[in-house]
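Coordinate inspection notes
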Amino acid sequence: MNKQQNPSLETRLVQAGTGRDQQTGAISLPIHPSATYRHPGVGESTGYDYTRSGNPTREALEEVLADMEGGRRGLAFASGMAALSTLFLYFSSGDHLILSEDLYGGTYRVLDQIFSRFNLTTSYVDTTNLNAIEEAITPQTKSILIETPGNPLLGIADIRAIADLCQKHDLLFVVDNTFMTPLLQRPLDLGADIVVHSATKYLGGHNDLCAGVLIAREEKIGEELYFLQNSTGPVLPPQDCWLLVRSLKTLALRLERQCHNASIVAEWLKEQPNIETVYFPGLPEHPGHQLHQKQATNFGAMVSFRVDSPARARQLLERIKLISFAESLGGVESLLTLPAVQTHADIPTADRLRLGICDSLLRMSVGCEHVDDILADLNQALAD
Ligand SMILES: Cc1ncc(COP(=O)(O)O)c(C=O)c1O
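Residues numbered from 1 in each chain as written. Predicted model: local features only at pLDDT ≥ 70, side-chain atom pairs only at ≥ 80, totals over all residues.

Looking only at helices and strands, the protein has 14 helices and 12 strands in total. A compact globule built from 384 residues should have a C-alpha radius of gyration of about 21 Å, and the protein, at 21 Å, falls within 12% of that. Viewed in the frame of its principal axes, the protein has a C-alpha envelope of about 75 × 50 × 40 Å. In the protein, buried positions account for 46% of the 384 residues. Long-range pairs, those at least 24 residues apart, make up 73% of the contacts in the protein with a sequence separation of at least 6. (Helix = DSSP H or I, 4+ residues; strand = E, 2+ residues; numbered from the N terminus. Rg over C-alpha atoms; globule rule 2.2 N^0.38 Å. Buried ≥ 20, exposed ≤ 12 C-beta atoms within 10 Å, placed from the backbone. Contact = placed C-beta atoms within 7 Å.)

See below:
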């Protein structure tokens, strides 16, 4: 009985958008492509005036997004980079941001090559190390943005401890939760102010949608982000909003299978003679293993590993048949990425190499295929 009154997040996601169309009783969320809306009279509005400012299909999605992360306001964007760029517009010239050094290369690129022109300054630090973060704080620092697990090395940062640090120094705390999703990790509950997603990844889940998300814990910040979204216009179109709602319904099912497969893949990789290191927070020897378990309910489905030579990495990418050599992650299809030349190509070579993002490092997004088929493909592609 209690369950029905307070359904779990899994159930709320399955039911996303259902029953919204009371006129027809449609189970599936209606798509409203209208760019504009008739006004009932002068000075009157149906609540919708122009689709950049508000659209019923996007509104339905944004309510689901806010609910899933436990925030007051969700906003849907045309890509993860559109969401992040809108977030960076929140700051002013002269402000300073601290970011994880182990983070998506596109986030680095937009800050380094575009926002730097407007004098938004940055420091990239090892956010698995609290002292390193605190030492980087200056009087101009306004925010800390982390990815945990990191990307592509899957280091674990302490979300609650960084939230405390942000509170102490009055900083906006942002977590890119793309790798985890709210089903595995809920940063707003641990003290973050804003969660970012590339919804192109697990939330979309089928490698057929490009979308981004911002979720604010508090209404006031949500309103300010909405102002930026409405002013600059990088909104997610209604058809894609519908597709994202449809995709979220199966998020729990997909993740369950992907996490299961990933832990088997990580254990298997560890045993292979031509693999030097496996990076996966689910492995007991991973330095963030304990911490990750304190703040997340599963280890996710991203596994990075270092092979014994760049030639072996090339061989693997050329021989895989089932797994695709492609950028991106989180979809039902398994993908293998070479971060040094794909996702992290814009990070200066010296910084990349210092972090260990070399030509022998591969990042795998483990999909929903039968795990035996994934292992068989890796096995034939790795063999001498
Ligand atoms: C962790 C993370 N954040 C943000 C982005 C950017 O998202 P999008 O590619 O949807 O613009 C990506 C893309 O790979 C990502 O991996």
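After that view, the rundown keeps rolling.
Turning our attention to the site of the ligand. Every one of the 14 residues lining the ligand counts as a neighbour, but S79, G80, M81, S198 and T200 are closest to it. Of the residues contributing to the shell around the ligand, the split by class is 3 nonpolar, 9 polar and 2 charged. (Near = placed C-beta within 6 Å. Nonpolar A, V, L, I, M, F, W, Y, C, P; charged D, E, K, R; others polar.)

Turning next to the sheet that holds strand β3 (residues 121-125). Reading across from one edge, β1-β7-β6-β5-β4-β2-β3 is the order of the 7 strands in this open sheet, with mixed pairing throughout. Single-partner strands in this sheet number two, and they are β1 (73-77) and β3. Between one strand and the next, the sheet's axes are offset by a mean angle of 20°, whatever the strand orientation. Pairing of strand β6 (residues 194-198) with strand β7 (residues 212-216), which is carried by 5 bridges, proceeds in the antiparallel orientation. When the sheet's bridge partners are listed, V196 is paired in β7 with L214. Contacts from helix α8 (residues 219-232) reach β1, β6 and β7 within the one sheet, and its direction differs from that of β1 by about 20°. (Pairing = 2+ DSSP bridges. Axes fitted to C-alpha atoms, helices over the stretch in contact; angles between N-to-C directions.)

All right, on to the sheet that holds strand β10 (residues 324-325) then. Here 5 strands make up an open sheet; going across it, the order is β8-β9-β12-β11-β10 and the pairing mixed. Two strands lie at the open edges of the sheet, namely β8 (275-279) and β10, each paired on one side alone. In the packing of helix α10 (residues 251-270) onto the sheet, contacts are made with β8, β9 (302-307) and β12 (361-365), and the angle to β9 comes to roughly 15°. Relative to the sheet, helix α12 (residues 310-319) contacts β9, β10, β11 (335-337) and β12, its axis offset from that of β9 by approximately 130°.

Moving on to the environment of L130. Locating L130 in the fold gives a position in helix α6 (residues 130-136). With 15 C-beta atoms packed within 10 Å, L130 lands in the partly exposed category. For the pair L130 and A161, spaced 31 residues apart in sequence, the C-alpha to C-alpha distance is 7.8 Å. When near neighbours in sequence (up to four residues on either side) are disregarded, L130 contacts D158, A161 and L165.

Here we take up the pairing of β1. Of all 5 residues in β1, 5 are buried; the element is thus mostly enclosed. Along β1, one buried face is formed by R73, L75 and F77 and the opposite face, lined by G74 and A76, is buried too. Pairing of β1 with β7, which is carried by 5 bridges, proceeds in the antiparallel orientation. The partner of L75 across the bridge, within β7, is L214.

The next subject is the domain arrangement of the protein. Annotation of the protein at the domain level lists domain 1 (2-248) and domain 2 (252-382). Between the C-alpha centres of domain 1 and domain 2 there is a distance of 25 Å. Opposite the 31 residues of domain 1 that make contact, domain 2 presents 33 residues. Within the residue set of the side of domain 1 that touches domain 2, elements represented by two or more residues are α2 (9-14), α5 (105-114) and α7 (159-169). Top contributing element to the side of domain 1 that touches domain 2 by residue count: α5, with 3 residues. Of the residues in the side of domain 1 that touches domain 2, the class split is 15 nonpolar, 9 polar and 7 charged. (Domains from an automatic or database assignment.)

Residues T148 and P149 are joined by a peptide bond in cis, for which omega reads -5°. Looking at where P149 falls in the secondary structure, it is placed in the loop between β4 (141-147) and α7. With an omega of 15°, the peptide bond between N151 and P152 qualifies as cis. As for its position among the elements, P152 is in the loop between β4 and α7. The phi dihedral of D170 is positive, around 55°, even though this residue is not glycine. Summarising the element assignment, D170 is placed in the loop between α7 and β5 (172-176). Judged by the 8 C-beta atoms lying within 10 Å of it, D170 is exposed. In this structure, N207 takes a positive phi of about 50° despite not being glycine. As for its position among the elements, N207 is in the loop between β6 and β7. For N207, a count of 19 C-beta atoms within 10 Å corresponds to the partly exposed category.

Summarising the element assignment, I374 is placed in helix α14 (residues 371-382). C-beta crowding within 10 Å serves as the criterion here: with 23 such atoms nearby, I374 is assigned to the buried category. For the pair I374 and I320, spaced 54 residues apart in sequence, the C-alpha to C-alpha distance is 9.7 Å.

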